[in-house]
Each structure stands twice: as C-alpha cells, then as structure tokens.
Amino acid sequence: MKDSPKSKWSVLELLNWTKEYFRRAGLAQPRLAGEILLAHVLECERIQLYTRFDQVPSATQRRAFRNLVLRAGGGEPVAYLIGRKEFYSLTFKITPGVLIPRPETEILVAEALAQLSRLTRPGSMWDVCTGSGCVGITVAVHIPNVSVLATDISPKAVALAAENAATHRVDDRLCCCVADLLDRPGDWSGPVCFDVITANPPYVADGDEVARAVLHEPALALRAGPDGMRCLEAIIRDAPQVLAQGGALLLEFGCGQADKVRDLIVAGGGFAEPRIIRDQQNIERAAVAIRSK
Ligand code: GLN
C-alpha cells in the first residue's frame, strides 16, 4: 500500500490489499479485520463500505488506515485499535486494560437471563471479574428491574465498566466497585444474597502459551496460577455464602477444566450437580450450579 501522491487507492483496492497482507501475517479473519479498520477510519458502518467500493479515501484517511493495518499485522488486536467490541449485539468500549469480550462468554449472559426471568420479583446479580462490564451490563439492558453489582480487582476495569454502564443507560441499577473475587465491597448497600453470580475469571495456567493477539491482553485478566484454577477455586468455595437459596452460579472456564470445576462444585456441598455447557466450538466452557442448601 505505497502512498505516492499519484496513487488512487479505492476502498475496494485497499480492502483487497489488506486482506492479502493480513492473510500472510496470520490473522484469523483477514477480510473482516480490514473492513472493520477501514470503516473505523472512514467513520461509517462496515456494511456501507460495500456501496463505496469506488471511493478514494483522502491521503489523511489512507495514512491513518495504513498505520492501523501495520499495527494489526504486528499482532495488536483490532478491538484495541478501534477501542470497541460487539458483545451480545451491544457495543462496548474496550481498552488494553481489559480482556476483549469473546463470543463464548455470551453463554453466561444467556444463562443469567434464563435464571432471572424466572423470578416473580426484581432479581439481583453479582458479576465478578467484570472487566469491561459486558456480562453485567448486557443482563441489565435485557432485564429492566435487575440490580447488578459488577466488581473487578482492576480499578481501570471498574472505571471502564462504569463508563459502559452509563453509555447503555443502566448505571442507575448497576454498581461498579473494586473488589477481589467474592470480597464484598464496603460501599455496596444492595442485597446480601444474590439470585445469580456470573464470573469469567482469569483461568489460563501461568505456563500456558496463548495466541499472539492474546499477548496484548492484560495478564491480570488471564493468568490464574500453575493450573489456571486459582480464581475458579476461590469463587466456587465462597459463592454459597453470597447466593440466595436456589440461586445460580454461572462460571466460564478453560478448555480441559470442566472435570475439575465439576468436582469442586460437588465437593463443596453447597450446590446440586452442575450443568456443563459447550461453546460454539463444542468445547466444555461454562458451568451452571444451583445453590441447594
Ligand atoms: N478465553 C480466554 C483465552 O483463552 C481466557 C479468558 C479468561 O482467562 N477468562 O484467551
């Protein structure tokens, strides 16, 4: 993508060139990544690019695009470059201080919605390790009377979650606080016991290799001890004390951790046998455990 004054790079040419460049750089969805970045620079919807194939972006726009393309080709996640990511059909502001929302985490939302919509009174939910706030906020958007506590050990994450909650206009029902796992924050004046706890905690083992793009995400949101179980163990241990009778613990975990998660839930004695849910890749990815006593 040389930028000489004579060059006339149309939208279509830019997309084709970038797709090939990203393919060689090993990006998972080369065409999509190019479209997202170009739409961002041209300040339009991705779909609108298709009606503008012959347009020639300005030199400034081309420079901005080239800069983003080089960074993405070098492994920086597209979501960080454009500062946002879609999750459950909502758009969330994303910074490198939080994990990028992933489609598999939508399982937690779907299960939380199912649990909370069964209640005949306003429900309550605690979203632990909230990051960008995507799980708690999405549930609050879909269930108008739920009150949500969203916590994270990272003050940067909590600030971003609060911003996302305000953008989605649920900040009157969603309280963001800094807290480690299930440590109850001092400034929470809501319910003592919750109907639902959701958590996508760090669960990658310290020594495990991660994909190149994941290297740009915060280790604090990913790493959880030699077997990746440190946070899952603590949450499973403490959850019965903060769940209402019949309340649900909804946990995301990593590939190969399902048996350990199931065993911990059963061994703790506070839950019925959990239900394990598979993600789009057919990998066991989440557990639903109902508090039994
Ligand atoms: N699913 C993420 C990954 O494999 C990890 C997320 C997490 O640790 N909560 O990159």
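Residues numbered from 1 in each chain as written. Predicted model: local features only at pLDDT ≥ 70, side-chain atom pairs only at ≥ 80, totals over all residues. Heavy atoms only, no water.

Q: Account for the overall build of the protein chain, naming residues and giving values.
A: Counting its secondary structure elements, the protein chain contains nine helices and nine strands. Taking 293 residues into account, the globule formula puts the C-alpha radius of gyration at 19 Å, and the protein chain, at 21 Å, falls close to it. For the protein chain, the spread of C-alpha atoms along the three principal axes comes to 75 × 40 × 30 Å. For the protein chain, the residues scored as buried account for 50% of the 293 residues in total. Long-range contacts, defined here as pairs at least 24 residues apart, represent 63% of the contacts in the protein chain between residues at least 6 apart. (Helix = DSSP H or I, 4+ residues; strand = E, 2+ residues; numbered from the N terminus. Rg over C-alpha atoms; globule rule 2.2 N^0.38 Å. Buried < 20%, exposed > 50% of the residue type's maximum accessible area, 1.4 Å probe, protein only. Contact = heavy atoms within 4.5 Å.)

Q: Quick rundown of the site of the ligand? Include the residues and the values.
A: L99, R102, N200, P201, P202, Y203, V204, V214, A221 and L222 make up every residue found near the ligand. Taking N200, its side chain carries an N or O atom lying 2.8 Å from a nitrogen atom of the ligand. Isolated, the ligand exposes 300 Å² of accessible area, and the fraction of that covered by the protein chains is 86%. Of the residues that constitute the shell around the ligand, the class distribution is eight nonpolar, one polar and one charged. (Near = heavy atom within 4 Å. Polar contact = N/O pair within 3.5 Å; in protein donor to acceptor, adjacent residues only side chain to side chain. Areas by Shrake-Rupley, 256 points an atom, 1.4 Å probe, with all protein chains shown as cover. Nonpolar A, V, L, I, M, F, W, Y, C, P; charged D, E, K, R; others polar.)

Q: Any details on helix α9 (residues 258–268)? Residues and values, ideally.
A: Each α-helix turn comprises 3.6 residues. Residues three or four places apart therefore point the same way. Burial in α9 covers these residues: A258, V261 and I265. Looking down the long axis of α9, one finds its buried residues gathered within 70° of arc, a one-sided arrangement. Every exposed residue of α9 that faces more than 90 degrees away from the buried side is listed here: D263 and A267. One or two steps after α9, the chain reaches G269, where phi turns positive at roughly 85°. (Arc of directions from axis to C-beta.)

Q: Go over the packing of aromatic side chains, please, and point to the residues and values.
A: Think of a pair of aromatic rings as described by two things: how far the centres are apart, and how the planes are tilted against each other in angle. Inspection of the entire model under this criterion finds seven aromatic pairs. Relative to F53, the ring of Y50 has its centre 5.2 Å away and its plane inclined at 50°; by these criteria the two rings are tilted. Residue classification places Y50 among the partly exposed residues on the basis of a relative accessible area of 42%. According to the relative accessible area criterion, F53 is partly exposed, its value standing at 21%. Plain terms: the ring middles of W126 and F194 are 5.4 Å apart, the flat faces sit at 45° to each other, and that makes the pair tilted. (Phe/Tyr/Trp six-rings, centres within 6.5 Å; stacked < 30°, edge-to-face > 60°.)

Q: Lay out the packing of helix α5 (residues 106–117) against helix α6 (residues 134–142) with the relevant residues and their values.
A: Where α5 meets α6, the closest approach of the two axes is 10 Å, and the angle between their N-to-C directions is 40°. In terms of axis orientation, α5 runs oblique to α6. Classified by chirality, the crossing of α6 by α5 is right-handed. Here L108, V109, A112, L113 and L116 of α5 come into contact with α6, specifically with V135, T138, V139 and H142. Taken together, the residues that form the contact of α5 with α6 break down as seven nonpolar, two polar and no charged. (Axes fitted to C-alpha atoms, helices over the stretch in contact; angles between N-to-C directions. Parallel < 35°, antiparallel > 145°, perpendicular 65-115°, else oblique. Left-handed = near helix turned anticlockwise from the far one by under 90°.)

Q: How would you explain the nonpolar core if you had to name every residue and give the values?
A: Residues M125, V139, V146 and L174 are the most contacted members of the largest nonpolar core, which totals 38 residues. Looking at this core, the element that brings in the most residues is α5, giving six residues. With sequence-adjacent residues up to four places away left out, V146 is seen in contact with L116, G123, S124, M125, V139, A140 and R173. Judged by nonpolar contacts, the second largest core, of 30 residues, contains C177, Y203, I235 and F253. (Core = buried A, V, L, I, M, F, W, Y, C linked by side-chain atoms within 4.5 Å.)

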